[in-house]
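So the chains spell out like this:
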Amino acid sequence: MAAIYSLYIINKSGGLIFYKDYGSAGRMDTNDSLRVASLWHSMHAISQQLSPTTGCSGIELLEADTFDLHCFQSLTGTKFFVVCEPGTQHMESLLKVIYELYTDYVLKNPFYEMEMPIRCELFDINLSQAVQKDRVAMLGR
């Protein structure tokens, strides 16, 4: 069973720019993935405003009975979130690795336009390797 169900990358205005499904039981179509990204963006923004803690950056972890959702927001407002099995550890470090891949292979790509969907083969290849490496590391824990 896969520890990671899916990965989403949302631009600062809430648009889904990347989605990857990793074999979760309930596969979503494109419209559903857009709805999830939009809903998460809104919930994240509301949580920043309603938080009693000053300087709150929004929801970082949402735990449910059947999944956990881990989120990392970059300084530019781009959100990276992973839906995974409940209780999965070390997702924060995986999200930071994904962010590094994003900066190395997407943002440095001269053909990529900011805020647009990500279509970069090197990013896809290195992302698959990072997720596979994380799965292998989880088996060893």
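All residue numbers refer to positions counted from 1 along the written sequence of the respective chain. Per-residue local features of the predicted model are confined to residues with pLDDT of at least 70, and side-chain atom pairs are confined, for both listing and counting, to 80 or more; whole-chain, interface and lining totals are unaffected and use all residues. As a rule here, side-chain values come from all non-hydrogen atoms in the structure, and water together with hydrogens is ignored.

Rules: UniProt positions are given in the numbering used here, feature names are shortened, and annotations may be inferred rather than shown by experiment.
An unreviewed UniProt entry annotates the chain as Trafficking protein particle complex subunit of Citrus unshiu. Note on the chain: under the UniProt heading Subunit (unreviewed entry), the record states "Part of the multisubunit transport protein particle (TRAPP) complex." Under the UniProt heading Sequence similarities (unreviewed entry), the note attached to the chain is "Belongs to the TRAPP small subunits family. TRAPPC4 subfamily."

Overview of the overall build of the chain
Applied cut-off: Numbering of helices and strands runs from the N terminus, with a helix taken as a DSSP run of H or I at least four residues long and a strand as a DSSP run of E at least two residues long. Using a 1.4 Å probe on the protein chains alone, a residue whose accessible area is under 20% of its type maximum counts as buried, one over 50% counts as exposed, and one in between counts as partly exposed. We call two residues in contact whenever any of their non-hydrogen atoms come within 4.5 Å of each other. Each accessible area is a Shrake-Rupley result for a 1.4 Å probe, and residues are judged covered by the shown protein chains and nothing else. For the purpose of charge, His is not counted, nor are the chain termini; Lys and Arg are scored as positive and Asp and Glu as negative. Lysine's charge is taken at NZ, arginine's at CZ, aspartate's at CG and glutamate's at CD.
Counting its secondary structure elements, the chain contains three helices and five strands. Counting from the amino terminus, helix and strand elements in the chain follow one another as β-β-α-β-β-β-α-α. Here the chain holds 141 residues, and the buried ones make up 40% of them. Within the chain, residue pairs in contact and separated by at least 24 positions form 49% of the contacts whose partners lie at least 6 positions apart. Approximately 8,500 Å² of the chain is accessible, and the part contributed by carbon and sulfur atoms is 56%. Side chains of the chain give 11 positive and 16 negative charges; the mean places of these two sets differ by 4 Å.

Quick look at the environment of His-90
Relative to the elements of secondary structure, His-90 occurs in the loop between strand E5 (79–84) and helix H2 (91–107). The spatial distance from the C-alpha of His-90 to the C-alpha of Asp-134 is 9.1 Å, given a sequence separation of 44 residues.

Examining the confidence of the model for the chain
Spelled out, the test is: pLDDT expresses how confident the predictor is about each individual residue, on a scale running from 0 to 100.
Per-residue confidence for the chain gives a mean pLDDT of 88, with 93% of residues at or over 70. Taken element by element, the chain is modelled with least confidence in helix H3 (residues 121–140), mean pLDDT 84, and with most confidence in H2, mean pLDDT 95.

Concerning the state of the cysteines
Where we set the bar: When two cysteine sulfur atoms are found within 2.5 Å, that pair is recorded as a disulfide.
Following the criterion strictly, the structure yields zero disulfides and no others. Note on Cys-84: no disulfide assigned, nearest cysteine sulfur contributed by Cys-71 at a separation of 12 Å. Under the relative-accessibility criterion, Cys-84 is labelled buried at 0%.

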